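These are the residues of each chain, in order.
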Amino acid sequence: MKGELKMDVNEYLPLRDVVFNTLRQAILTGEMEPGERLMEIQLANKLGVSRTPIREAIRKLELEGLVIMIPRKGAEVAHITVKDMRDVLEVRSALEELAATLACKNVTPEHIEELKTANRVFEAAIVSKDVVAIVNADVAFHNIIYSMTDNQRLIQLVNSLSEQMYRYRLEYVKDARTHSILISEHNDIIRQLADKDVEKAKVIVRQHITNQERGIIRLLNI
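Residues numbered from 1 in each chain as written. Predicted model: local features only at pLDDT ≥ 70, side-chain atom pairs only at ≥ 80, totals over all residues. Heavy atoms only, no water.

- Naming follows an unreviewed UniProt entry, where the protein chain appears as GntR family transcriptional regulator of [Lactobacillus] rogosae.

**Focus: the overall build of the protein chain**
- Looking only at helices and strands, one finds nine helices and two strands in the protein chain.
- Helices (α) and strands (β) of the protein chain occur, in sequence order from the N terminus, as α-α-α-β-β-α-α-α-α-α-α.
- Computed over its C-alpha atoms, the radius of gyration of the protein chain comes to 19 Å, within 12% of the 17 Å expected for a compact globule of 222 residues.
- Its C-alpha atoms give the protein chain principal-axis dimensions of about 55 × 40 × 30 Å.
- The buried share of the protein chain, reckoned over its 222 residues, is 46%.
- Residue pairs at least 24 apart in sequence account for 73% of intrachain contacts in the protein chain once pairs closer than 6 positions are excluded.
- Carbon and sulfur atoms make up 51% of the accessible area of the protein chain, which amounts to about 11,800 Å² in all.
- Averaging the coordinates of the 31 positive side-chain charges in the protein chain and doing the same for the 33 negative ones gives two points 4 Å apart. (Helix = DSSP H or I, 4+ residues; strand = E, 2+ residues; numbered from the N terminus. Rg over C-alpha atoms; globule rule 2.2 N^0.38 Å. Buried < 20%, exposed > 50% of the residue type's maximum accessible area, 1.4 Å probe, protein only. Contact = heavy atoms within 4.5 Å. Areas by Shrake-Rupley, 256 points an atom, 1.4 Å probe, with all protein chains shown as cover. Lys, Arg positive; Asp, Glu negative; His and termini not counted. Charge placed at Lys NZ, Arg CZ, Asp CG, Glu CD.)

**Examining the packing of helix α4 (residues 82-106) against helix α6 (residues 131-148)**
- At a closest axis distance of 7 Å, the pairing of α4 and α6 adopts a crossing angle of 60°. Viewed along their axes, α4 and α6 adopt a mutual orientation that is oblique. Like other packed secondary-structure pairs, α4 and α6 cross with a definite hand, here left-handed. Taking contact as the criterion, the partners of Arg 92, Glu 96, Ala 99, Leu 102, Ala 103 and Asn 106 in α4 are, on α6, His 142, Ile 145, Tyr 146 and Met 148.
- Residue composition of the contact of α4 with α6, grouped by class: six nonpolar, two polar and two charged. (Axes fitted to C-alpha atoms, helices over the stretch in contact; angles between N-to-C directions. Parallel < 35°, antiparallel > 145°, perpendicular 65-115°, else oblique. Left-handed = near helix turned anticlockwise from the far one by under 90°. Nonpolar A, V, L, I, M, F, W, Y, C, P; charged D, E, K, R; others polar.)

**Concerning helix α8 (residues 177-195)**
- The first and last C-alpha atoms of α8 sit 29 Å apart over 19 residues, in line with the 27 Å expected at 1.5 Å per residue.
- Listed as buried for α8 are Thr 178, His 179, Leu 182, Ile 183, Glu 185, His 186, Ile 189, Ile 190, Gln 192 and Leu 193.
- Of the surrounding secondary structure, the elements contacted by the buried residues of α8 are α4, α5 (109-128), α6, α7 (152-173) and α9 (198-220).
- Backbone geometry just downstream of α8 places Lys 196 in the positive-phi region, at approximately 55°. (Expected span 1.5 Å × (residues − 1).)

**What to know about the packing of aromatic side chains**
- Scanning all chains against the criterion turns up zero aromatic pairs.
- It is Lys 60 that lies over the ring of Phe 20; its NZ or CZ is 4.2 Å from the centre. (Phe/Tyr/Trp six-rings, centres within 6.5 Å; stacked < 30°, edge-to-face > 60°. Lys NZ or Arg CZ within 6 Å of the ring centre and 35° of its normal.)

**Quick notes on the nonpolar core**
- Grouped together as the largest cluster of nonpolar side chains are 70 residues, with contacts concentrated most on Leu 23, Met 32, Leu 38, Leu 115 and Leu 193.
- A per-element tally of this core places α7 first, with ten residues. (Core = buried A, V, L, I, M, F, W, Y, C linked by side-chain atoms within 4.5 Å.)

The following block contains the structure:
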C-alpha cells in the first residue's frame, strides 16, 4: 500500500458503505496496487472498524471486478486484463455512439458553450498534472453530452458503467502523451455536435474509445 488509508466518515451513510467507498477509491487511484492482498484484520486496524464492514466491502468490490478471491490466499486487488477492459470499452463505445446520435438531435447553442467551458476546465486540469482532476474533468465533459440526450435510461446505464470505467480512464491519462489527443478529440466532438453531424460524431467518439484501449494496452504492456 502506497500510503495510509483515510476514511471520511459520512453521517448519512452506513459504516459499511463508507468503508467500501474508502477501499474502492484506494484501488481506483492506485493507492492499493493490483495483486495487493486485502487483509481483513490489517484493514480493520487501519480504518478503526471491525472486520464485518471490511468483509462486506470486499464482497462488493469483488462484484465490481475490482477484487478477486484467490483459493487459500484470500482477497487481492484485481489486475487489469485486456478481456475485462475490452468488455467495458465495447459497451461504452456503443453507449457513446447512441449518446452522440441523440445529442445531435437536441443540441442548442447553450449546450455548445457549456461543452466549450467544460473543455477549458479539462485543459486547466491537464496543466495541473493532477490525474484525478483530469479524469474528473473528462467525466464532467462527457456528462454534459449524456444530459443532452434527454434519455434517463441511457444516463443511468452510463453512470453505472462510469464506475467501472474510472480505473481505465485513470491509467490512460497517466501518460502525458494522451493529453493533447484528448483535448483535440473533445474539440472534434464539440464541432460535430454543433454541426449536428451524426455520422461524423459517431466516428469521433468511436475513435475516442479505440485510442483509449490502445493507450492502456501500451502503457500497461498487457
